[in-house]
Structure formats: structure tokens, C-alpha cells
Amino acid sequence: MSSEKPFQNKEISLDEFFESIKDEVIPLKMAPGDYVILEDVHLENLRESRRGNRVVDVVGRVVDSNMGIPEGQMIRFTLSIANSLEVAHHIKSGIKYTLIKKSEMRISVSGYSEIPKRI
């Protein structure tokens, strides 16, 4: 006989769940019309994509999104060299917020010193 107590599952609230995972870096996939505004952005990984293109992984904390991602969640997003160069310029210039927006044909990146009111 063991003196260990059996493991009991405890239900947690959604708020507790979101708070417990906000520092986990979640890979982000976007559909046309999606956008995310990030802060504390940094470049993480220069690599070759499956298609043979050079890409960069960008990591940041969500400030606003139309994708249902909770504010404060850390996400990772893969960008082309051209878009990553723009993000690097924002970082170097001290621009606080980075908007990543997906349209039908392309991904666009913009920098803001304040959270944009209209996207």
C-alpha cells in the first residue's frame, strides 16, 4: 500500500488558464483579414523555409488582435526577409508597437508609437 494520495483533477477557470499560458510562445497562423498588434517584439531565428526562402521568426506580446488571442499572450510569427527588415527598423528606432496584417495577397507590417485606433 502506498501512502500517496491519488492525483485529483481540478477544474480551472478560463481566466486562470489564459494567465498560466501567457508566457508560452504560441505559433501564429493568419487568414486574410486578420491582424495583430505586438509589443516587446524581437527577432528570433533566421532560417530557410520549407519552400527554400529565407525567413525570420518574430516574437512579441499581443496588445490587440481580431483573432481572439488574449492580450498579453506571447506569439511567434514567421515573416519574409523584407518584412523582417521593417520590424528590425522599428526595433532599432524605438517604435513600440508593430502591426502585422494579412490581406488576400500579402502580409504587411507597420510600426506605431501609440496603439492605433483604426486598422
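The rules behind these values
Residues numbered from 1 in each chain as written. Predicted model: local features only at pLDDT ≥ 70, side-chain atom pairs only at ≥ 80, totals over all residues. Heavy atoms only, no water. Helix = DSSP H or I, 4+ residues; strand = E, 2+ residues; numbered from the N terminus. Rg over C-alpha atoms; globule rule 2.2 N^0.38 Å. Buried < 20%, exposed > 50% of the residue type's maximum accessible area, 1.4 Å probe, protein only. Contact = heavy atoms within 4.5 Å. Areas by Shrake-Rupley, 256 points an atom, 1.4 Å probe, with all protein chains shown as cover. Lys, Arg positive; Asp, Glu negative; His and termini not counted. Charge placed at Lys NZ, Arg CZ, Asp CG, Glu CD. Salt bridge = Lys/Arg side-chain N within 4 Å of Asp/Glu carboxyl O. Expected span 1.5 Å × (residues − 1). Arc of directions from axis to C-beta. Pairing = 2+ DSSP bridges. Axes fitted to C-alpha atoms, helices over the stretch in contact; angles between N-to-C directions.

Enquirer: Sorry, what's going on with the overall build of the protein chain here?
Expert: A tally of regular secondary structure across the protein chain gives two helices and six strands. Of the regular secondary structure in the protein chain, the N- to C-terminal order runs α-β-β-β-β-α-β-β. Taking 14 Å as the expected radius of gyration for a compact globule of 119 residues, we find that the protein chain reaches 18 Å, considerably beyond that expectation. Each principal axis of the C-alpha atoms in the protein chain carries an extent, and together these give about 65 × 35 × 30 Å. Across the 119 residues of the protein chain, 30% fall into the buried class. Relative to all contacts within the protein chain whose residues are 6 or more apart in sequence, the contacts with residues 24 or more apart total 52%. Carbon and sulfur atoms make up 50% of the accessible area of the protein chain, which amounts to about 8700 Å² in all. In the protein chain, 17 side chains carry a positive charge and 18 a negative one; their mean positions are 7 Å apart.

Enquirer: I tried to follow the pattern of salt bridges on my own but got confused; where do I start?
Expert: One side chain can pair with another of opposite charge once the charged atoms of both are near each other. Per the stated rule, a full pass over the model turns up four salt bridges. Across the pair Glu 19 and Lys 22 runs a salt bridge, and its minimum N-O distance is 3.2 Å. A relative accessible area of 29% means that Lys 22 is categorised as partly exposed. Linking Asp 23 and Arg 61 is a salt bridge whose minimum nitrogen-to-oxygen distance equals 3.0 Å. Of this pair, Asp 23 sits in the loop between helix 1 (14-21) and strand 1 (25-27) while Arg 61 sits in strand 3 (residues 54-65), and the two are 38 residues apart along the sequence.

Enquirer: Sorry, what's going on with the environment of Ser 103 here?
Expert: By the element assignment, Ser 103 lies in the loop between strand 5 (97-102) and strand 6 (107-112). A residue is classified by how much of its surface remains accessible, and Ser 103, at 33% relative accessible area, is partly exposed. Separated by 68 residues in sequence, Ser 103 and Tyr 35 place their C-alpha atoms 9.1 Å apart.

Enquirer: Quick question: what am I supposed to make of helix 2 (residues 81-93) here?
Expert: Quick reminder: α-helices carry 3.6 residues per turn. Residues three or four places apart thus point the same way. Taking 1.5 Å of rise per residue, 13 residues should cover 18 Å, and helix 2 covers 18 Å from first to last C-alpha, within 8% of that figure. Of all the positions in helix 2, only Asn 83, Ser 84, Val 87 and His 90 are classed as buried. Relative to the axis of helix 2, the buried residues are bounded by an arc of 110 degrees and lie together on one face. Exposed side chains of helix 2 directed beyond 90 degrees from the buried face belong to Ala 82, Leu 85 and Lys 92. Contact partners of the buried residues in helix 2: strand 2 (35-48), strand 3, strand 4 (74-80), strand 5 and strand 6. One or two residues past the end of helix 2 sits Gly 94, with phi positive at roughly 80 degrees.

Enquirer: I would appreciate a short explanation of the sheet that holds strand 3 in the present structure.
Expert: Backbone hydrogen bonds hold the strands of a sheet together, and the pairing may be parallel or antiparallel. In spatial order, the strands read 1-4-3-2-5-6; together these six strands make up an open sheet with mixed pairing. Of all the strands in the sheet, the pair left with one neighbour each is strand 1 and strand 6. Across the sheet, the mean angle from the axis of one strand to that of its neighbour is 40 degrees, orientation sign disregarded. Pairing analysis gives ten bridges linking strand 2 to strand 3, with the strands arranged antiparallel. Bridge pairing in strand 3 places Leu 46 opposite Val 56.

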